[in-house]
Every structure is written in structure tokens, then in C-alpha cells.
Amino acid sequence: MGLWTSRLFVAAVLPWLTPGEEPAAPPPLSLLIFNAGASSLVMEVAREEVERILGGIGVSTEWTDTSTGTGAPNRFHVKVMVMPNDPSGWNLPFYTLGVTYIVDEVPDTIYVFMPVVEKAVGDHRFAHKIGVAVGRVIVHELAHVMNPARGHADAGLMAPRQRRRNLFGACLDLDQTSAEAFRTGLARATMLTAATNGQ
Ligand SMILES: [Zn+2]
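These numbers were taken from a predicted model, which means no experiment stands behind them.

1. Some words on the overall build of the chain
Point 1. Summing up its helical and strand segments, the chain has six helices and five strands in all.
Point 2. Helices and strands in the chain line up, N terminus first, as α-β-α-β-β-β-β-α-α-α-α.
Point 3. Counting only contacts in the chain whose residues sit at least 6 apart along the sequence, the fraction spanning at least 24 positions is 77%.

Next up, the structure:
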């Protein structure tokens with residue numbers, strides 16, 4: 001609670017980055033992976049897909065498996081919770097693939113519901129397709145984290161619902177507006193975290 005309070009205070013006194021002011025090269029995005037629901041092969045493919053999509057908008061990622069590491073201290077991290085359960089009991093629609101809760105100014109946790117992703121892909125044995133789908137769900141939720149105000153797009157990766165073939169079919173990328181919002185949000189979150197930590 002104290003951390004959020006100080007972040008909110010910092011947000012009040014620092015200028016906001018606006019589109020067009022973001023650095024030419026956005027900072028890397030640190031992901032802390034809590035994997036309780038996917039095989040290592042699925043996560044490997046998911047990582048490749050996240051790196052493909054975000055690499056395409058100039059954002060690199062640093063992955064830390066929390067079973068073996070904690071990530072660099074004093075950095076902005078997003079926690080990626082790969083859940084073994086569906087969202088029953090979460091007060092979410094049963095078809096929810098992933099979610100982030102926007103309760104603080106800078107949300108920092110996303111959840112992926114593996115049974116829902118596997119069911120949407122159609123067969124839990126298709127590790128490659130499932131991995132691609134997990135990667136796309138992660139990017140979709142990360143985009144919400146980076147810019148909660150941006151919301152959904154009419155089509156593509158940021159559409160509120162995804163057709164089955166969108167989950168693992170031919171390349172699906174962030175639209176330009178969502179990409180700019182992502183880069184701006186990442187730069188801002190990184191700056192706020194650094195300021196909060198006195199760097
Ligand atoms: Zn969404």
C-alpha cells in the first residue's frame with residue numbers, strides 16, 4: 001500500500017510523457033513469470049511470440065522465471081501469472097483468456113487462464129498453437145497494463161474478443177495506435193518506478 005501511495009504521489013509531481021515525446025528506443029520490459037499452468041515448451045513458444053510482436057514495435061523484453069530468479073531490484077516489472085485454472089470464482093466471463101485488474105494507476109500483474117486458452121485453441125496437445133495463443137494473450141494484457149486508458153480496438157490483437165484463428169493463425173500484430181500507447185506507457189512506468197526508487 002505504501003508503495004502505491006508513493007507512486008501516486010510521484011505521478012502527481014512528474015510531467016506525463018505524451019505521444020511523440022517517448023524516447024526513440026523504449027526501455028526493455030521486465031517480465032516476472034509465475035508459471036503454474038503451462039509446459040516449458042508452451043512457454044518457450046509463448047516467449048518467441050511475445051518477442052516477435054513486441055520486437056516489431058521496438059520493445060525488447062527480459063524474462064525472469066520466478067522459480068529461479070527475482071529480477072533486477074528497483075526496476076519496473078510486470079508479473080505474468082500463468083494460471084492452471086479457469087476464471088471460475090473470479091467474477092469474469094467463462095471465456096476469459098486473460099485479465100489485468102486496473103485498480104491502481106500502474107497495474108503490474110496479468111493473468112492467463114490456461115484451460116480457457118487450451119479450449120479456445122481446441123486441443124491441449126497442440127503445444128505450438130497453444131504457445132502462440134498464450135503469447136498473444138500476454139501481449140494483449142500487457143498493452144492494457146501499459147496504457148489502461150487506451151482500451152480495446154475494433155479488430156486485431158487488441159479486439160476485446162478473439163476469433164479462434166486469431167489466437168494462433170498468421171501473424172497478428174499490435175495496431176499502430178496501440179503500439180504507440182504501449183511504448184509511451186512503458187517509458188512512463190519505467191520513469192515513475194525509477195523516480196520512486198530515487199534513481
Ligand atoms: Zn482486453
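2. With respect to the nonpolar core
Point 1. Grouped together as the largest cluster of nonpolar side chains are 50 residues, with contacts concentrated most on V112, V117, A133, V134 and I138.
Point 2. No other element matches the eleven residues that helix α4 (residues 127-146) contributes to this core.
Point 3. Among all residues touching V117, those that are not within four sequence positions of it are L97, V112, I130, A133, V134 and V137.

3. Thoughts on the sheet that holds strand β2 (residues 61-65)
Point 1. The strand order across the open sheet formed by five strands is β2-β1-β3-β5-β4, and the pairing between neighbours is mixed. Looking at strand neighbours, the two that pair on one side only are β2 and β4 (98-100), the edges of this open sheet. Direction aside, neighbouring strands of the sheet carry axes that sit 20 degrees apart on average.
Point 2. As paired elements, strand β1 (residues 29-35) and β2 share five bridges and run parallel to each other. By the bridge assignment, S30 is partnered in β2 with E62.

4. Here we look at the confidence of the model for the chain
Point 1. For the chain, per-residue confidence averages 84 on the pLDDT scale, and 85% of positions sit at 70 or higher.
Point 2. When mean pLDDT is taken per element in the chain, helix α2 (residues 40-55) scores highest with 97 and helix α1 (residues 2-13) scores lowest with 36.
Point 3. Scored below 50 in pLDDT, residues 1-17 makes 19 contacts in the model with residues more than four places away or belonging to other chains.

5. A few points about the pairing of strand β3 (residues 77-83)
Point 1. Where β1 meets β3, six bridges bridge the pair, whose relative direction is parallel. Pairing of N35 across the sheet is with V82, part of β3.
Point 2. Pairing of β3 with strand β5 (residues 109-113) involves five bridges; the strand directions are parallel. Note on β5: the bridge partner recorded for K79 is T109.

6. Considering the packing of α2 against α4
Point 1. Viewed as axis vectors pointing N to C, α2 and α4 meet at an angle of 45 degrees, and their least axial separation amounts to 7 Å. Considered as vectors, α2 and α4 are oriented oblique to each other. Once α2 is placed against α4, the crossing between them reads as right-handed. Two secondary-structure elements touch here, α2 through L41, V42, E44, V45, A46, R47, E49, V50, I53 and L54 and α4 through A127, H128, I130, G131, V132, V134, G135, R136, I138 and V139.
Point 2. Grouping the amino acids of the contact of α2 with α4 by side-chain chemistry returns 13 nonpolar, three polar and four charged.

7. Concerning the environment of H144
Point 1. Summarising the element assignment, H144 is placed in helix α4.
Point 2. C-alpha separation for the pair H144 and Y101, spaced 43 residues apart in sequence, amounts to 9.2 Å.

About the thresholds
Residues numbered from 1 in each chain as written. Predicted model: local features only at pLDDT ≥ 70, side-chain atom pairs only at ≥ 80, totals over all residues. Helix = DSSP H or I, 4+ residues; strand = E, 2+ residues; numbered from the N terminus. Contact = placed C-beta atoms within 7 Å. Core = buried A, V, L, I, M, F, W, Y, C linked by C-beta atoms within 7 Å. Buried ≥ 20, exposed ≤ 12 C-beta atoms within 10 Å, placed from the backbone. Pairing = 2+ DSSP bridges. Axes fitted to C-alpha atoms, helices over the stretch in contact; angles between N-to-C directions. pLDDT = per-residue confidence, 0-100. Parallel < 35°, antiparallel > 145°, perpendicular 65-115°, else oblique. Left-handed = near helix turned anticlockwise from the far one by under 90°. Nonpolar A, V, L, I, M, F, W, Y, C, P; charged D, E, K, R; others polar.

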